[in-house]
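Residue strings, one per chain:
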Amino acid sequence: MVSLRQPWLLARGCHSHAVHARQRLFSSSRKLNQISIPGNLTALRGILKISEEVTDALATNKPVVALESTIYTHGALGNDLDLEGVVRRNGGVPAVVGILGGVPTVGLLPDEVARMVEGSPRKVSRRDIAYLVGMGMAGNKIHGGTTIAGTMILARLAGIRVFGTGGLGGVHRGGHESFDISADLTELGRTRMAVTSSGCKGFLDIPRTLEYLETQGVLVSTFADGRTGAVDFPAFWARDSGVKSPSVVYEEEQAAAMFLAQERLGIESGLLFANPIPEEFSIPRTEMDAVIEQAINESREQGALGSENTPFILTRIRELTKDRSVLANKVLVRANVERATKISLALSRLAAEESVPLNISVKQQTGFQPLVSKNTLINEMPKENEVISPADILVAGSVAVDLSCDYVGEDSLEHPPPHLHTSNPAHIGQSIGGVGHNVALAAQRVMQSHKVRLCSMIGDDIAGSTILSSLQASGMDTSCVKQLGREHYPSSRTAQYVAVNDANKNLVLGMADMGIFATHSFPEHWNSMVKASKPKWLVVDGNWADRDLRAWIQSGKRNGAYVAFEPVSREKSTRLFCNEKNIENLGVYPSPSVDVATPNQYELAAMQAAAQRHEYFDNPRWWEIIDAFGMKGARDRFVKITSADMTDDGIPQQAIQLLPYIPTIVTKLGSYGALLTMILGKDDPRLFDPAHQKFILSRSFNDHPEVGGVYMRLLPAVELVEDVVSVNGVGDTFLGVMIAGLAQGGRAENLVDIAQKGAVLTLRSHQSFNQFTTMPPNFPIDTMEDAGATSSSGQEDSDFASDEETTSQTRRARVIDKDSDEEELERFVLGDTANFRENLFLDEPTSDDDNSPFRGFNDQEDNEAETGLEDVDDADLFTLDVGSGAPVGDKTLVVAQSAKGQEMIEKDKPAWEDSDDERLTISLADATQLRKLRISEAEDVYLRLNPLPVWAKEAEERPAKRRRRSSAAADDSDISEDEADDEGNAEASALPLDKFLRDASTLKDTKVQKSKRLRPEVIDIQRSRDIPDTHKDEVTSLAFHPDYPVLLSSSTSSVLHLHHIAPTAHPTPNPLLTSVQVQQVPVRRAEFLYPTGDKIFFAGRRRYIHSWDLGTGTIQKTNKIQGHRLEQKTWERFKLSPCGQYLGLIATTRKGGGVINILNVNTMQWIAAARLDSRGGIADFSWWSNGHGLTILGKGGQVGEWSMASRRFLAIWSDEGSNGGTVMALGGRNGPAILGEDRWIAIGSNSGVTNIYDRQTLLLPSAEEELLVKERPEPTRTFMQLTTPVTVLTFSPDGQLLALGSKHKKDALRLVHLPSCTVYRNWPTEQTPLGRISAVAFGRKSDLLAVGNDAGKVRLWEIRS
């Protein structure tokens, strides 16, 4: 029974029955989505989180004040507001409201607020709450800072009545035409809440705002604050607005009484109490009016509309008032929160003085039951007539107190196991565990739903009480947990488990006292629980006695549930296949009693032995299913799918033998992953899907009506965990996550990897299940689709992550032997298998290898850790895919296979060949359908059906004396040992792509296009065909070839792609020319060498850089800069000069900070260094368009103009208002000749502000031989459309466009027209699929825009005149 002493409930006296009939929640016309009664309390607990402090305060009638979280997540007032302290100092309890990881939370803690701020939170109003919470329930954990409207809703649900904030939203100027009206106003009209603010923002239309509030039925009253008579409604920074307030209030007690009257009358609209800013901090109204008018005019000019309007105007007001507005804002918000606290105190006093509590009739009024209640122990069995709500998952298993004892002796390094027959020092931790508990908790956390229920037993002892309290605190439904009282069950003890672990956290010995489950049986009660819960899935663990285990299983089947079995241990796993004397038999497919089991290899063996021992395999129905499998001579197929060792251990054979009784078995194999074995039905689509053919172990050929085949698949471990904290509950988490996915319609083959990820989190947690707040942000549980099974190793990528949600994970799994088909494929594509594998795993790490190259490079630029790859041959690092054979552009380019490749596929040659094919040609001019393939009208080209290009022939005839070749280009298995060790002379190479580009005339654009002029404000831009190949990680750089329509893209997945930009090509638009994989080098920058584009330079966070000569195919590595090795820890931040002579490289910030090292591109020798004294080092730099110098941006805002001719700075100036420089770019034409002829310079900052300068205006009059520039020039225009740090600035080659963007926020990209310096209003729109921008490039004719994002996608747009 829920306690009725809730301070926000209203006594309606004798009229309560009438109000109950109306059932109003927040308004008579608009209701929150009500949760049905009974069960609403449990449902809200599963979706709305309230802190313990706020819960206690509401239950004991303490004054509680709600605080919005957008003031922290999207405000610009700093971290010293201390609003919670203001509430506490005035006797109240603060409740910061927000959405943390998809969970609406009332009473956020400071560290939770900090985590929200750091996690790119969204701004959340009424319309956004369901989206973020729903996405959180679906596995995509998004943070959200609640606005005034969003805070009112969640605070009201929690039972809070008073809310203090800064300024209310309102009707924007011109709102009668644009309908730009804040949702705060409509929320006040439907949600009863006492809101205290300093009126609305001063730049809004205050008269229309008050009119709108009147229409919504909102009481507006302004505190007199020492004034008499009629007073003005405040204008935020100014105490007076020129508009009289509808009413005046003089004391907080009066405001509290007004709210109390609103409650008594059942009026659901809110109350706005306007609190004017303290007079000493206010800004005069006339001064503010002038500032506001200027800011509004500028917002119109720069196209800051919609959601961008308010941030833009506030930023300009801050600048124009020289931060006076910020100080005023801080003061007024603190004053408002203090006033709100006093109102809440008065309201609590009024509630305490009431003879009838205020809370007795809220359920009658609204149909809404308050969330706050006292925990009650369940000491007796639920009565038969007790109502139990349905559940998606019912877990019947153990719950226990777990003790984990980790050995910490002095000799633990040399001797990890504890010593026997004596006491050992240890760290002992206690937690709530038990297989059933862990499975249920994992499923509940993943589903974020209250529809997971645990059925278990506990004793009437301290351990039982501890367990019950813990379950209730975690939100677990305890209605089916039976507590055995001492009166009737004096010997019953709560289950306990003791794990003794060695120093490496590996289990040495486990002791379990689970007698309560083996000695007490209540089959009728369990059956009633299953019947009432109507679960989709029933999970049963092996802790039950044989008879009870079978009773649970049969009860689940009788009530239409799928049944999953968790074996628990080797001994207990055999209980499923016990002696069936006097108990109901296990069903056999197609009517199995158990649908899924998740044993490890030892439990699987024990289950198979028990089934054989008790003659389960003598069942004629078992033989019928086994015969339908068609498993004769299956060893080779077992070896092909798993490995020879697994087959020799009998793991796949044991799974097959148990399959008729358990049609889906997931065998957990530790570091080897998991083996999935399933029976496929007769019409299962996977039997006919080519992507799944390699996993079809056998097919049914005896016309069995139900069996279609057997599916067996080894899914490797998702990660090799070295930092193990505890192994307790790992297998339980695996099953819980998997069942949560199955309950929501997922498929087993797509869920195994996700379940493994959940198990990895548990390995790193002290608890038996890692708390849901640390689960990955994109756990795709409820939208499972087949991922296509494209990987030969059984790994598959997730299909259900969005652009902004897709993240990369480094998988370190033990290597399983390849089957013959996979090895043949490797020989065909990559050369000889033995040499390929030797190179690929040359530096394969082990868990004990501290120098493993897989450790990579830390995020800090000054990390001095060696990668171990500086001296590795390039041939061992590169995998090249050259010539796709797909049509490119207007003609067909067919890339011939090497002779060795032809030999490897000899067995697949055509059944017959026509010799006429060698002479057959087609005229493009004569065939009407082919005329469009000609380059010019007069041209008539004859194409052979299968031509061998000259460049390919030359590649085939390359001299054999070349020492090293790419594994993609040839078979190098015959390279001598001496040659392989001769690293000094070894030279990596690829096919000569430059020759290919020149010979392929289709890639040369012969059309002469006139220069086009773009108009400001509106741009004609059309979506083109995307690049078809998606990188597996964030796109780090994009570059167009200077002569050909070829796009270079790179990513941190160690891959470079070259695509021919041909949107109309058939069958694949923008086909792939080639791709290169650089093993263990996360490529962060790649560029063509201008002006010819005959080389590609690329580098990652490594101590070396590669250059790829497209003319010869040679790949050269530069390991170090002679004499400058200590200051050059990474080569990732390099840029090539447009003249093609120099390479600039930012040095590490710790040693030689603020330095650009300059190298000669041809010799890769150091020639100069540009040192800029700037706090924090170098942020970015750009080469002048003629390559005769470079402009350097320091992180402190200093800008240096450095000349290659004089090897010194010509001038140093400062960026106006710089708040931490991040990125810069040069562009445009006809600029100062002495500064490289670039007209424009754009500089981005951490605050999201971008300044653009006309370089002509930087210069001061001076003698011809002398250069003088302004030390602090005024920017030509300041762009404030971005609110997160600027990370992308790119000018178009013709200098008419500037792209500015940020990867820290989705869709944060804007285009600027030059020279008008105006932002285009019509693009991008809300529907433009940008994602989180990571790279931008313009086509060489400024007619194309390429955008790469963090999901690895590259999208194209065509820019028209």
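All values reported here derive from a predicted model rather than from experimental measurement.

The rules we used
Residues numbered from 1 in each chain as written. Predicted model: local features only at pLDDT ≥ 70, side-chain atom pairs only at ≥ 80, totals over all residues. Heavy atoms only, no water. Buried < 20%, exposed > 50% of the residue type's maximum accessible area, 1.4 Å probe, protein only. Helix = DSSP H or I, 4+ residues; strand = E, 2+ residues; numbered from the N terminus. Pairing = 2+ DSSP bridges. Contact = heavy atoms within 4.5 Å. Salt bridge = Lys/Arg side-chain N within 4 Å of Asp/Glu carboxyl O. Phe/Tyr/Trp six-rings, centres within 6.5 Å; stacked < 30°, edge-to-face > 60°. Lys NZ or Arg CZ within 6 Å of the ring centre and 35° of its normal.

Asks: Explanation requested: the pairing of strand β32 (residues 1046-1051) in the structure shown.
Replies: Regular strands place their side chains on alternate faces of the sheet. Burial within β32 is extensive, with 6 of its 6 residues counted as buried. Residues Val-1046, Leu-1048 and Ser-1050 line one face of β32 and the alternating positions Leu-1047, Ser-1049 and Ser-1051 line the opposite face, and both faces are buried. Of the pairings in the sheet, the one linking strand β31 (residues 1035-1040) to β32 comprises 5 bridges and is antiparallel in character. Looking at the pairing, Ser-1037 lines up with Ser-1050 of β32. Joining the antiparallel neighbours β31 and β32 is a turn of 5 residues. The sheet contact formed by β32 and strand β33 (residues 1055-1060) spans 6 bridges and is antiparallel. Paired with Ser-1050 across the two strands is Leu-1056, which belongs to β33. Here β32 folds back onto β33, and the loop between the two strands holds 3 residues, one of which, Ser-1054, carries a positive phi near 70°.

Asks: Is there a simple way to think about the environment of Asn-506 in this case?
Replies: By the secondary structure assignment, Asn-506 is in the loop between β17 (496-501) and β18 (507-513). Of the residues examined, Asn-506 reaches a relative accessible area of 39% and is grouped as partly exposed. Between the C-alpha atoms of Asn-506 and Pro-416, which are 90 residues apart in sequence, the distance is 9.2 Å. Filtering out sequence-adjacent residues up to four positions away, Asn-506 remains in contact with Val-500 and Asn-501.

Asks: Where do I start with the pattern of salt bridges in this structure?
Replies: Side-chain pairs of opposite charge can arise where the charged atoms are in close proximity. Inspection of the entire model under this criterion finds 38 salt bridges. Across the pair Arg-1101 and Glu-1132 runs a salt bridge whose closest N-O atoms are separated by 2.7 Å. Note that Arg-1101 is positioned in the loop between β36 (1095-1100) and β37 (1105-1109) and Glu-1132 in the loop between β38 (1114-1118) and β39 (1134-1136), a separation of 31 residues in sequence. Take Arg-1101 and Glu-1132: they sit in the same class, and that class is buried.

Asks: Help me out: how do you make sense of the packing of aromatic side chains in this one?
Replies: We describe a pair of aromatic rings using the distance from one ring centre to the other and the angle between the two ring planes. Across all of its chains, the model carries 17 aromatic pairs by this definition. Considering the side-chain rings of Trp-622 and Trp-623, the 4.9 Å spacing of their centres and the 80° angle between planes classify their relative orientation as edge-to-face. Here a set of aromatic residues connected by ring pairs shows up, and it is made of Phe-517, Phe-522, Trp-526, Trp-544 and Trp-552. Directly above the aromatic system of Phe-223 lies the positively charged group of Arg-339, at a separation of 4.0 Å from the ring centroid. Its end group placed over the ring of Phe-1181, Lys-1135 keeps NZ or CZ at 5.5 Å from the ring centre.

Asks: Even after reading the chapter, I still don't get the sheet that holds strand β56 (residues 1318-1319), so can you show me in this structure?
Replies: Hydrogen bonds between backbone groups are what pair the strands of a sheet, and the pairing can be parallel or antiparallel. Overall, antiparallel pairing links the 4 strands, which are arranged β53-β54-β55-β56 in an open sheet. One side of each edge strand has no neighbouring strand; the edge strands of this open sheet are β53 (1288-1291) and β56. Note that strand β55 (residues 1309-1313) and β56 share 2 bridges and pair antiparallel. The residue of β56 that forms the bridge with Val-1312 is Val-1319.

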